[in-house]
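# Fold and contact review
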Amino acid sequence: MRQLLLALAAAGLVLGQAAHGRPADAQSATADAAAPAAATAKRPNVLVVTLDTTRADHTSAYGYARPTTPRLIELAQQGVRFEAAYAPMATTLPSHTSMFTGLLPRTHGALKNGLPVNPKLTLLAETLGGAGYRTAAFLSSFAVSGRFGLQRGFSEYDDRFQDGQCKWDVERWEGQKIAGDFCRRGDLTRAATVKWLESAGYLPGAKGTAGAAKQPEQPFFIWIHFFDPHNPYDPLPEQAKLFPPPSANPTELERDIANYDAEIHFADQEMGKLLDALAKAGRLDDTLVIVAGDHGEGLMDHGWMLHGLQIYEEAVRVPLVFRWPAKLPQGKTIAEPVELIDIAPTVLELIGVPAPKVTPPVEGISLAAAMTGTAKLDPQRPILLQRRFYASKSEKGIAVKGSKHALRLGDWKYIEAKEEDSFELYDLKSDPREKSNLADAKPAERATMADRLAKTVAGTAAATAPAARTVSEEDQRKLEALGYVQ
Ligand SMILES: [Zn+2]
């Protein structure tokens, strides 16, 4: 508990402010607020689609045998697909916060769900709003509810889940009481997005062209989040029919996986309907589209069905595709490892909005030059992964405690959880599914990777940790009252 409190304090958490926009004195960025309207008129729209709980190797866009994502395949054929994209943590809020800040979870401090995002951090929506974009977000899960802070910078933040047809009946979650529905089905979130686009004049209205006649000059930035692949796997019957289990007498796991695949297909389908609406109005090609998973899912590859507890490849390898025909090549794939923290700097460079000067500095890198072919990415880039923080927990035979970090470096991946006395080393080239732990057999490689991991972790913390602060007793009481501390 103390560690978590200290982490919160180090992140500069200001209680009670997260859900109400950033305080005026917390501005740590100088966004491109003065960009004239004329300069922004030619900028593309930006559409970020996040697919919750979608592991890359269960999408047909990444070679999965079942046709789960025909629309993502199409997008990849018309754009750029990153073969090895990593979520920094297999948990929804930390991962989305990384996408929109360009910071690793260690740095942004939202180390688990249910925490408020540090109000001092600059979010992509704030930067784009300051650069003249009209911003709107359409969410499908309480995990990214505006109360946790990602709503900053969005003029519309639709986290209304009433009548969301939520498949998950939950009353308490991460210390929070759930008043209404926990989530919203993808078709309803997509419909809300289309409705907003119509009302804002970006799409013609259902009854004619009244909306389109407005022809807004202002480009939009939309984030749409699909939650369907998240457990429980409970697809609509017409989706389930498309993905039957592999045999007449399937195991429970086979049935679950078939249903999970059907849910991925549903999210892909609904994303496709949104893209179709934009294409029909002639707006798709003027839109930079980014599709990313926020994390994967265990599916018992390492004895765990869901996500959060582990950072094996199935939990952190996610789809990542960019499409913008005006500037990006078509059908390109990039093999070098990249991270979700790269999304924000890449978007800014592609659309020509200056990156704000922020503290702590952004840790992601722009992938723009790699996509356009003017530069190559480093295949040896160290990829730091982190498990969400657990005070202590045991679920279905898996006990977890404290922090767990991993480093991918080239073909090697090293996973370390000191508080669990757990050390793992894998050769991803010969063992991509991480089945053979070489930590004892390869002591030299293990020592090298442990050293690199320690240095990477220390470097991240050194770059980011603000002056150490202690948590006051009052703050601690507030945290406990709010349910932020388990
Ligand atoms: Zn998630």
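Up top you'll find the structure we're talking about.
Note that the structure is a prediction, hence the values are computed from the model and not measured.

### Description of the nonpolar core
Counting residues in each nonpolar core, the largest one holds 122 residues, and the members touching the most others are Ile290, Val291 and Val347. With eleven residues, the single largest contributor to this core is helix α9 (residues 252-280). Counting only domains with at least three residues in this core, you end up with domain 1 (29-372) and domain 2 (383-482). Not counting chain neighbours up to four residues away, the residues in contact with Ile290 comprise Val48, Val49, Phe322, Ile343 and Val347.

### As for helix α11 (residues 343-351)
Within α11, seven of the nine residues are buried, leaving the element largely enclosed by the surrounding structure. Taken together, the buried positions of α11 are Ile343, Ala344, Thr346, Val347, Leu348, Leu350 and Ile351. Following α11 by one or two positions, Gly352 has its phi on the positive side, about 80 degrees.

### Focus: the sheet that holds strand β17 (residues 405-409)
Pairing in this open sheet of four strands is antiparallel, and the strands run β14-β17-β18-β19 from one edge to the other. Here the strands that pair on one side only, and so sit at the sheet edges, are β14 (383-386) and β19 (422-427). Direction aside, neighbouring strands of the sheet carry axes that sit 15 degrees apart on average. As defined by bridge partners, β14 adjoins β17 across four bridges and the pair is classed as antiparallel. Opposite Leu384, over in β17, you have Leu407 as the bridge partner.

### Considering the sheet that holds strand β5 (residues 156-158)
Sheets are built from strands paired through backbone hydrogen bonds, the pairs being either parallel or antiparallel. Taking strand neighbours across the sheet as the criterion, the eight strands line up as β5-β4-β8-β1-β9-β11-β2-β12 in an open arrangement whose pairing is mixed. Since the sheet does not close on itself, it has two edges, and those belong to β5 and β12 (332-334), each with one partner. Each strand of the sheet is rotated relative to its neighbour by a mean of 10 degrees, with strand direction disregarded. Where strand β4 (residues 134-138) lies against β5, three bridges are found, and the strand directions are parallel. Within the sheet, the bridge partner assigned to Phe138 lies in β5 and is Asp158. Packed onto the sheet, helix α3 (residues 70-77) meets β2 (80-82), β9 (287-293) and β11 (320-323) and runs at close to 55 degrees relative to β11. Set on the sheet, α9 makes contact with β1 (45-51), β8 (220-226) and β9; between it and β8 the angle comes to about 160 degrees.

Conventions used here
Residues numbered from 1 in each chain as written. Predicted model: local features only at pLDDT ≥ 70, side-chain atom pairs only at ≥ 80, totals over all residues. Core = buried A, V, L, I, M, F, W, Y, C linked by C-beta atoms within 7 Å. Buried ≥ 20, exposed ≤ 12 C-beta atoms within 10 Å, placed from the backbone. Helix = DSSP H or I, 4+ residues; strand = E, 2+ residues; numbered from the N terminus. Domains from an automatic or database assignment. Contact = placed C-beta atoms within 7 Å. Pairing = 2+ DSSP bridges. Axes fitted to C-alpha atoms, helices over the stretch in contact; angles between N-to-C directions.

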